[in-house]
Amino acid sequence: MFNDIGALELLTLVVLAVLVFGPEKLPKVIQDVTRTIRKIREFSDSAKEDIRSELGPQFKDFEFEDLNPKTFVRKQLMDGNDDLGLKEIRESFDLRKEMAEVTDAVNGRETASAGGAGTAAAAAAAAAAAGAASTPDLLKKPAHPAKDDRPPFDADAT
């Protein structure tokens, strides 16, 4: 919960607590706060156990953290449940491999890919590289325009 609190923030909180409560009352305040936190945790744990006992034995492995949408999606889609073929889909989107194949195709090197999608991407990159020879390179800065070649002027825009 407070994983991102650094030493400077912690020191600031301690100094602020000493200034607000004073050195005499600070130990009692700390005891009261820890007692309250302990009671809240006990109440939460007992409520969880009550809910688990009411749900029955089929929910003995139920974890309340699974109700968090992020955890639920990770557990359902990213773990071993591969009913939908998601592992194959995830592996097909290996961008590093695809970029390496495109780079190799552009540089004219032979790729050793094992799959139709990789060779299709390499072929498309090779075709794009061949087509790039006849089309202007948009990444290069154009030569300085001639004196007659002025940019268009729009009087309504100014």
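This write-up is about the structure you can find in this document. Just so we're clear, the structure is a prediction, and the values are computed from it rather than from any experiment.

Conventions used here
Residues numbered from 1 in each chain as written. Predicted model: local features only at pLDDT ≥ 70, side-chain atom pairs only at ≥ 80, totals over all residues. Heavy atoms only, no water. Helix = DSSP H or I, 4+ residues; strand = E, 2+ residues; numbered from the N terminus. Buried < 20%, exposed > 50% of the residue type's maximum accessible area, 1.4 Å probe, protein only. Contact = heavy atoms within 4.5 Å. Areas by Shrake-Rupley, 256 points an atom, 1.4 Å probe, with all protein chains shown as cover. Salt bridge = Lys/Arg side-chain N within 4 Å of Asp/Glu carboxyl O. Patch = residues over 30% accessible without salt bridge, like charges linked within 9 Å, V, L, I, M, F, W, Y side chains within 5 Å. Expected span 1.5 Å × (residues − 1). Bend = angle between axes of the 7 residues up to and from the residue.

1. Some words on the overall build of the protein chain
Okay, step 1: A count of helical and extended segments in the protein chain gives five helices and zero strands.
Okay, step 2: Secondary structure elements of the protein chain, listed N to C terminal, follow the sequence α-α-α-α-α.
Okay, step 3: Burial status across the protein chain gives 7% buried among its 158 residues.
Okay, step 4: Relative to all contacts within the protein chain whose residues are 6 or more apart in sequence, the contacts with residues 24 or more apart total 0%.
Okay, step 5: Accessible surface for the protein chain amounts to roughly 14300 Å². Of this, 62% is attributable to carbon and sulfur atoms.

2. Overview of the pattern of salt bridges
Okay, step 1: Here the structure, examined in full by the defined rule, presents three salt bridges.
Okay, step 2: For D32, the salt bridge goes to R35, with nearest N and O atoms at 3.0 Å. Placement of the pair is D32 and R35 together in helix α1 (residues 7-55), with a separation of three residues, close to one helical turn.
Okay, step 3: Judged by relative accessible area, D32 falls into the partly exposed class, the value being 29%.
Okay, step 4: One salt bridge connects R52 with E49, and the closest N-O pair in it is separated by 3.3 Å. With R52 and E49 both in helix α1 and three residues apart, the pair spans about one turn of that helix.
Okay, step 5: Among the ionic contacts, a cluster of salt bridges with common partners joins K28, D32 and R35.

3. A short note on a nonpolar patch on the surface
Okay, step 1: Taken together, the side chains of L8, L11, V15, L16, L19, V20 and F21 make up a nonpolar region of the molecular surface, amounting to roughly 730 Å² of accessible area.
Okay, step 2: Considering the arrangement of structural elements, one finds V15 in helix α1.

4. Digging into α1
Okay, step 1: The terminal C-alpha atoms of α1 lie 44 Å apart, and with 49 residues this falls more than 12% below the ideal 72 Å at 1.5 Å per residue.
Okay, step 2: Approximately 100° is the largest bend angle found in α1, and it occurs at G22, with the proline P23 only one to four residues beyond.
Okay, step 3: Among the residues making up α1, those that are buried are G22, L26 and R52.
Okay, step 4: Positive phi appears at G56, one or two residues downstream of α1, with a value of about 105°.

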